[in-house]
Amino acid sequence: MSTVLVAGATGSIGHLVVEEALSEGYTVRALVRDPAKAARTLPPAAQIAVGDVTRPQTLPAAVEGVDALILTLGSDAGGSSPEDVDYGGVRNLLEALAGRRVRVVLMTAIGDTSRSAGYGHLLDWKRRSERLVRASGLPYTIVRPGWFDYAAPDELRLVALQGDTRRTGTPADGAVARRQIAQVLVRALSSDAAVGKTFELVAEKRPATEDFDEFFAPLAPDISGSLDGVRDEANMPLAQEPEQVRADLAAVGAG
């Protein structure tokens, strides 16, 4: 892999992912809606691809020639919806690949299997985006970070959890620094031990993680053919999902 497209590149995690990927030697293409903001936020070495994940016609040129996608998409309070951005953006980028095989690293959120009705069903839509990635048949890693920047300065050791059992919806579920999240997303690209795995990411009071292959290796892979992460609670029956979601899963899988 040499060229990585970062979606959500000017966001609070995305701009750190761009920096980390550049430092690891990747050619980085940043997908942005606002090139002026990108110029203020991103390193000059980053390539800029102007596009909008909610407008599929803007995406084929952005994904042309890339070897990997890192997806840090997130709707905001400014009017964008989780269905259109967190879910629809992932769907549209996968469709824009037109069958090409690339590595995919997707960031969602801890607790996204809780079926919480809060935040406009944000967590349900994030979980559905995960299902699209698994259904695509592409090599992937799905990272569910804990609460951003609630970790203490000495909480440097990264901890991966599986089964998504921490569901209080508060920082008690675990915290992790934004820079640490970016490091994990980028390091997953180069680790065979990260492929096909879904995990929650938090930090604890121990020395910083240095060997990322060693970090990813003990994790259980997702079950082949399953739409959900390994050990996830089976509380989102496919038969009860919206018709369009089921159609999207079928289309992505066929692609």
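Numbers given for residues are sequential positions, taken from 1 along each chain in its written order. Residue-level local features of this predicted model are given only where pLDDT is at least 70; pairs of side-chain atoms are given and counted only at 80 or more, and the full residue set underlies all totals for whole chains, interfaces and linings. Excluded from the side-chain calculations are hydrogens and water; all other atoms, namely the structure's heavy atoms, are used.

K.L.:
Got a minute to help me understand the packing of aromatic side chains in this structure?
P.N.:
Working definition: an aromatic ring pair is given by the centre-to-centre distance plus the angle between the planes. Two aromatic rings, drawn from Phe, Tyr or Trp (for Trp, its six-membered ring), form a pair once their centres lie within 6.5 Å of each other, and the interplanar angle then sorts them: stacked below 30 degrees, edge-to-face above 60, tilted otherwise. This structure, assessed with the given rule, holds seven aromatic pairs. Ring centres 6.0 Å apart and planes at 55 degrees place the aromatic pair Phe199 and Phe216 in the tilted group. Note that Phe199 is positioned in strand 10 (residues 197–204) and Phe216 in helix 7 (residues 212–216), a separation of 17 residues in sequence. Like Phe199, the residue Phe216 is buried in the burial classification. With a centroid separation of 6.5 Å and 45 degrees between ring planes, the pair formed by Phe212 and Phe216 is classed as tilted. One end of the pair, Phe212, and the other, Phe216, are both in helix 7, four residues apart, so they sit about a helical turn from each other. Partly exposed residues are those whose accessible area sits between 20% and 50% of the maximum for their type, while under 20% is buried and over 50% is exposed, using a 1.4 Å probe and protein chains only. Look at Phe216 and you get buried, because its relative accessible area is 0%. These aromatic residues form a ring-pair network of at least three members: Phe199, Phe212, Phe215 and Phe216. Only DSSP runs of H or I with at least four residues qualify as helices, and only runs of E with at least two residues qualify as strands; both kinds are numbered from the N terminus onward.

K.L.:
Would you take a moment to explain the sheet that holds strand 5 (residues 103–107) for this structure?
P.N.:
Across a sheet, strands are paired by hydrogen bonds formed along the backbone, either parallel or antiparallel in direction. Think of it this way: DSSP has to see at least two bridges between two strands before they count as a pair. Read across the open sheet, the eight strands follow the order 3-2-1-4-5-6-10-8; overall the sheet is mixed. Each edge of the sheet is formed by a strand with only one pairing partner; in this case those strands are strand 3 (47–50) and strand 8 (157–161). In this sheet, neighbouring strand axes are inclined to one another by 25 degrees on average, regardless of whether the strands run parallel or antiparallel. Pairing analysis gives four bridges linking strand 5 to strand 6 (residues 140–145), with the strands arranged parallel. Note on strand 6: the bridge partner recorded for Val105 is Thr141. Note on contacts: a residue pair is in contact if any heavy atoms of the two residues lie within 4.5 Å. With axes taken as lines fitted to C-alpha atoms, and helix axes fitted only over the stretch in contact, angles between N-to-C directions fall between 0 and 180 degrees. On top of the sheet, helix 1 (residues 14–23) reaches strand 1 (3–7), strand 2 (27–32) and strand 4 (68–71); it is set at about 165 degrees to strand 2, its chief contact. On top of the sheet, helix 6 (residues 178–189) reaches strand 1, strand 4, strand 5, strand 6, strand 8 and strand 10; it is set at about 160 degrees to strand 5, its chief contact.

K.L.:
Can you help me understand the packing of helix 4 (residues 83–96) against helix 8 (residues 243–254) in this one?
P.N.:
A pair of packed helices can be characterised by two numbers: the angle between their axes and the separation between those axes. In contact at an axis separation of 11 Å, helix 4 and helix 8 are set at 25 degrees when each is read in the N-to-C sense. The angle between helix 4 and helix 8 places the two elements in the roughly parallel class. Helix 8 is crossed by helix 4, and the crossing has left-handed handedness. Note on element contacts: helix 8 touches helix 4 through Gln244, Val245, Asp248 and Val252, opposite Tyr87, Arg91 and Leu94. By the convention adopted, Pro, Cys, Tyr, Trp, Phe, Met, Ile, Leu, Val and Ala count as nonpolar, Lys, Arg, Asp and Glu as charged, and the other residues, Gly among them, as polar. Split by residue class, the contact of helix 4 with helix 8 holds four nonpolar, one polar and two charged. Each angle gets one of four labels, with under 35 degrees taken as roughly parallel, over 145 as roughly antiparallel, 65 to 115 as roughly perpendicular, and the rest as oblique. Left-handed describes a crossing in which the near helix is turned anticlockwise from the far one by less than a right angle; the clockwise case is right-handed.

K.L.:
Please explain the packing of helix 1 against helix 6 as it appears in this structure.
P.N.:
Following both chains from N to C, one finds helix 1 and helix 6 inclined at 50 degrees, their axes separated by 8 Å at the closest point. Here helix 6 runs oblique to helix 1, going by the angle between their axes. Crossing angle aside, the handedness with which helix 1 passes helix 6 is right-handed. Taking contact as the criterion, the partners of Leu16, Val17, Glu19, Glu20 and Ala21 in helix 1 are, on helix 6, Arg178, Arg179, Ala182, Gln183, Leu185 and Val186.

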